[in-house]
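Architecture and fold: a report
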2 protein chains.
Amino acid sequence: MTRRNQHLTLRDVSEASGVSEMTVSRVLRNRGDVSPKTREKVLEAARMLGYVPNKIAGALASNRVNLVAVIVPSLSNLVFPEMLAGVSEVLDATDLQPVVGATNYDPAKEEKTLFEMLSWRPSGVIIAGLEHTDASRAMLANCGVPVIEVMDVDGDPVDAAVGISHWRAGYQVGTEIAARGYKRVCVLGTKMDGDHRARKRIEGLERALSESGTGIVDQMAYSGWSGFAKGREMTADALKRVSDLDFLFYTNDLTGAGGLLYCLEQGLDVGGDLGLAGFNAFSLLDGLPRKLATVDSRRREAGQLAARIITGEQTFETEDRRIELVPTFLPGETMRPRSTDQVT
Amino acid sequence: MTRRNQHLTLRDVSEASGVSEMTVSRVLRNRGDVSPKTREKVLEAARMLGYVPNKIAGALASNRVNLVAVIVPSLSNLVFPEMLAGVSEVLDATDLQPVVGATNYDPAKEEKTLFEMLSWRPSGVIIAGLEHTDASRAMLANCGVPVIEVMDVDGDPVDAAVGISHWRAGYQVGTEIAARGYKRVCVLGTKMDGDHRARKRIEGLERALSESGTGIVDQMAYSGWSGFAKGREMTADALKRVSDLDFLFYTNDLTGAGGLLYCLEQGLDVGGDLGLAGFNAFSLLDGLPRKLATVDSRRREAGQLAARIITGEQTFETEDRRIELVPTFLPGETMRPRSTDQVT
DNA sequence: ATGAAAGCGCTAACAC
DNA sequence: GTGTTAGCGCTTTCAT
């Protein structure tokens, strides 16, 4: 019981191999010149003992941390794991490691998580969205490492931003709806203060519709979990409450899919008199009875680019450190053809 | 330019507040008695300066790290975020923080991730599954903190395990299938060496069926992404390749849902002559045209309990540090009633 | 190619 | 209630 804790230290490896701590350190980090012989001895000793280096001490001494903080509202909404997959893909080729924190769409929790993560002095921060508390923005501005706000570019980034414009994505959907002659549009979203991206989509949609002389006829927001069931409920309610609706826009593919299933069961003319569209283009939904109109929000690419900014592979030439990705509108089979495409 | 890096230190706060570093440290950690006056001064100074403590130094000095390593195969398969949600729920009430790593179902990557995470000296490890490389097991056995293997109990845990028995879950489904008079069962899974839980479910199913005098007639495994489309394809193939199938077991609800949609479109007698079942009970799928038979794998509870073992709220009385959760079989509407329930 | 000494920013332990 | 001292396990720097 002479040891303060149960972990092995460099010193143990040093003693076991008969090589100085310093040289052991060099071997274990592949730094500096070490003779193959010494190298072998050290590696053997480390392996035998089961030595696991103490990154805490290493980080303190070297002032270098190979962690990248990634902060997202939720892991249960697939868009975030998908963005994360993009981040991992890129970081896997480096010695950087993502560390994920979830905020439950709560700005206060975001602030806390951010503080917590920054106190580990990560080499970069990737954070979803552009809306943060003042304190969070201050921390991000002063943390001294690259900060990439992802999945949205509608606003002023603290440092850099990568993602689509949800406002413009909504606007585009609105344009497509109008171009196809739909007049009475209902928006079905989930009630979630923290979901700024959904709000921006709706605002863009509204603008496009009003520019084309129509507007949003009704809007419903339900709280709780997004899923098929919620989509069904909302759809049934909407169709009952408002007469003559001819288009339903769901802020999310999952509720959209539920609505689609409901409308098909009701025998409604989906893709004809009644149009439907969701958002996000979840590939797991490929294979619905009818392909739902949607928009690919390019979250994986956003994650990749954010990671590349941190690794330095991606740079900016201008003052404006934003990369706006272009969302792809996918009409699927739930909207009638554009009027100009129609045969007369 | 006298400072080595751009971060503020305790010393800066100490100087700004005219209080010793030690007392500043006490205030910032709420430890020991500090007069309200001093306390206020320190907090004010820290806030003004925007001080973010350096946990690296703190952890090194105190030999305490408030991180819990959570290692999962993937974040894109919803079962893992759901388990994680259970972990977070419990840890949120403490000062512990989950740190998530994904392995892509690759034992070598798992080993690497584990090594990386252990080198940060976390206060506990939660890791999915009981199958690991020898080196991983050795690291887990020697890391000196609680190790909880979650979402499976079919095997020998290094330290503790929480989850359902996938073998028994499969066995139960098999029993239900047999009890309902289905005779020609096909299993549709995804080809994934690392998915031991799916394998165990199939083995349990097979046993139950063979005990009831039948067996698995055919088995298909497709690689790639689980989703509706995959379920459709596999289902179409299976029904074409093998004649007289009367039951399809999907190792996963998503492919199951795709299969369900396909079968309904084909006008097959789903829930009657043709039975279907998935696995996991994803609530986002509530609202399919017909409720798919499935099994709740209780991953959220597994996460909660694992976290409670680490916090010390959950303890064991016996030698066997395993908690076996009981999966709930949900017959849904895609299996005919048990023969004994049938009206004659 | 290898080693010795200093110190990273904080906290434990002890003094006052 | 507050301050002082030593040192956590590594890496940096400089010497050899």
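Please refer to the structure placed before this passage.
Our subject in this report is the structure included herewith. (Residues numbered from 1 in each chain as written. Chains lettered and ligands numbered in written order. Predicted model: local features only at pLDDT ≥ 70, side-chain atom pairs only at ≥ 80, totals over all residues. Heavy atoms only, no water.)

**So, the interface of chain A and chain B**
Contact residues are listed per partner, giving 54 residues for chain A and 54 residues for chain B. By the criterion of area lost to chain B, the three top residues of chain A are Ile56, Trp120 and Arg121 of chain A, representing 15% of everything that side buries. Connecting chain A to chain B are 4 salt bridges. Our count for the contact surface shared by chain A and chain B stands at 18 residue pairs in polar contact (both at pLDDT 80 or more). Residue assignment for the side of chain A that touches chain B shows that the elements contributing at least two residues are α4 (55–62), α5 (79–91), β2 (97–102), α6 (107–118), α10 (228–241) and α11 (253–265) of chain A. No other element matches α4 of chain A, which puts 7 residues into the side of chain A that touches chain B. (Contact = heavy atoms within 4.5 Å. Buried area = accessible area lost by both parts, 1.4 Å probe. Salt bridge = Lys/Arg side-chain N within 4 Å of Asp/Glu carboxyl O. Polar contact = N/O pair within 3.5 Å; in protein donor to acceptor, adjacent residues only side chain to side chain. Helix = DSSP H or I, 4+ residues; strand = E, 2+ residues; numbered from the N terminus.)

**What about the protein's contact with DNA strand C?**
Around DNA strand C, the surrounding shell holds 26 residues, and the nearest of these are Asp33 and Thr38 of chain A together with Leu10, Ser25 and Tyr51 of chain B. In DNA strand C, atoms within 4 Å of the protein come 65% from sugar and phosphate. A distance of 3.2 Å is found between a phosphate oxygen of DNA strand C and a side-chain nitrogen or oxygen belonging to Arg29 of chain B. A distance of 3.4 Å separates a phosphate oxygen of DNA strand C from a polar backbone atom of Asn54 of chain B. For the surface near DNA strand C, a count of residues per class yields 10 nonpolar, 10 polar and 6 charged. (Near = heavy atom within 4 Å. Nonpolar A, V, L, I, M, F, W, Y, C, P; charged D, E, K, R; others polar.)

**So, the protein's contact with DNA strand D**
Close to DNA strand D lie 25 residues; Met22, Ser25, Tyr51 and Arg64 of chain A together with Arg26 of chain B are nearest. For DNA strand D, the backbone portion of the atoms within 4 Å of the protein, that is sugar and phosphate, comes to 66%. In the model, a base nitrogen of DNA strand D is placed 3.3 Å from a nitrogen or oxygen of the Ala57 of chain A main chain. Take Arg26 of chain B: an N or O atom from its side chain is 2.4 Å from a base oxygen of DNA strand D. Listing elements by their share of the surface near DNA strand D, those giving two or more residues are α2 (21–29) and α4 of chain A together with α2 (21–29) and α4 (55–62) of chain B. At 4 residues, α4 of chain A tops the list of elements feeding residues into the surface near DNA strand D. Residues of the surface near DNA strand D, tallied by class, amount to 10 nonpolar, 10 polar and 5 charged.

**Thoughts on the environment of Tyr250 of chain A**
Residues and elements named next belong to chain A. Take Tyr250: it is sitting in strand β8 (residues 247–250). Among the residues examined, Tyr250 registers a relative accessible area of 0% and is labelled buried. Not counting residues up to four positions away in its chain, the partners in contact with Tyr250 are Leu188, Gly231, Thr235, Thr255, Gly256, Gly259, Leu276, Ala277, Gly278 and Phe279. At a separation of 2.7 Å, a polar atom in the side chain of Tyr250 contacts the side chain of Thr235. (Buried < 20%, exposed > 50% of the residue type's maximum accessible area, 1.4 Å probe, protein only.)

**Regarding the packing of aromatic side chains**
Following the criterion strictly, the structure yields 8 aromatic pairs over all chains and no others. With a centroid separation of 5.0 Å and 65° between ring planes, the pair formed by Tyr182 of chain A and Phe247 of chain A is classed as edge-to-face. On the criterion of sequence distance, the pair formed by Tyr182 of chain A in the loop between α8 (166–179) and β6 (184–190) and Phe247 of chain A in strand β8 is long-range, its members being 65 residues apart. The exposure class of Phe247 of chain A is buried, given its relative accessible area of 0%. Against the face of Phe279 of chain B rests Arg201 of chain B, its NZ or CZ located 4.1 Å from the ring centre. When the ring centre of Tyr182 of chain B is taken as reference, the NZ or CZ atom of Arg336 of chain B above it lies at 4.2 Å. (Phe/Tyr/Trp six-rings, centres within 6.5 Å; stacked < 30°, edge-to-face > 60°. Lys NZ or Arg CZ within 6 Å of the ring centre and 35° of its normal.)

**Details of the relation of the copies chain A and chain B**
If you rotate chain A by 180° and push it 0.0 Å along the axis, it lands on chain B with an RMSD of 0.1 Å. On this basis, the relationship between the two copies can be described by a two-fold rotation axis. Both copies present the same face, since 100% of the interface residues in chain A are matched by interface residues at the equivalent positions in chain B. (Least-squares fit on C-alpha atoms with pLDDT ≥ 70 in both.)

**Some details on the pairing of strand β6 (residues 184–190) of chain B**
Residues and elements named next belong to chain B. Buried residues dominate β6, accounting for 5 of its 7 residues. Both β6 and strand β7 (residues 215–222) contribute to a ladder of 7 bridges, which runs parallel. Looking at β7, one finds that Val187 is bridged to Gln219. Tracing the backbone out of β6, into helix α9 (residues 196–211) and back to the parallel element β7 gives a crossover that is right-handed. (Pairing = 2+ DSSP bridges. Right-handed = clockwise from strand over helix to strand, strands pointing away.)

**Quick word on the side chain of Asp152 of chain A**
All names here are of chain A. Counting through the fold element by element, Asp152 comes out in the loop between β4 (147–150) and β5 (160–164). With a relative accessible area of 0%, Asp152 lands in the buried category. A polar side-chain atom of Asp152 sits 2.9 Å from the main-chain amide nitrogen of Asp154. A polar contact is formed between the side chain of Asp152 and the side chain of Lys200, at a distance of 2.5 Å. What Asp152 contacts, discounting residues up to four positions off in sequence, is Gly129, Leu130, Glu131, Ala161, Val162, Gly163, Ile164, His166, Arg197 and Lys200.

**Brief notes about the sheet that holds strand β3 (residues 124–128) of chain B**
Residue and element names in this part refer to chain B. Strand order in the open sheet formed by 6 strands is β2-β1-β3-β4-β5-β11, and the pairing between neighbours is parallel. Two strands close off the open sheet at either side, each with one partner strand: β2 (97–102) and β11 (322–325). When the angles between neighbouring strand axes are averaged without regard to direction, this sheet yields 15°. Inspection of the sheet shows strand β1 (residues 67–72) paired to β2 by 6 bridges, in the parallel sense. In the sheet register, Val72 faces β2, and the bridge partner there is Ala102. (Axes fitted to C-alpha atoms, helices over the stretch in contact; angles between N-to-C directions.)

**Re the nonpolar core**
If you look at the biggest cluster of nonpolar residues, it comprises 150 residues, and the most contacted ones within it are Ile126 and Phe228 of chain A together with Ile126 and Phe228 of chain B. Look past the residues within four positions of Phe228 of chain A in its chain and what remains in contact with it is Leu254, Ala257, Gly258, Leu261 and Leu285 of chain A together with Phe228, Leu284, Leu285, Asp286, Gly287 and Leu288 of chain B. In terms of nonpolar packing, the next biggest core, distinct from the first, is built from 36 residues, Leu118 and Leu140 of chain A together with Val99 and Val125 of chain B among them. (Core = buried A, V, L, I, M, F, W, Y, C linked by side-chain atoms within 4.5 Å.)

**What about the pattern of salt bridges?**
Here the structure, examined in full by the defined rule, presents 40 salt bridges over all chains. Ionic pairing is found between Arg241 of chain B and Asp218 of chain B, a salt bridge with its closest N-O pair at 2.7 Å. Linking Arg241 of chain B in helix α10 (residues 228–241) with Asp218 of chain B in strand β7, this pair joins segments that are 23 residues apart in sequence. What makes Arg241 of chain B exposed here is its relative accessible area of 53%. For Asp218 of chain B, a relative accessible area of 14% translates into the label buried. When salt bridges with common partners are traced through the structure, they connect Glu82, Asp296 and Arg299 of chain A into a single cluster.

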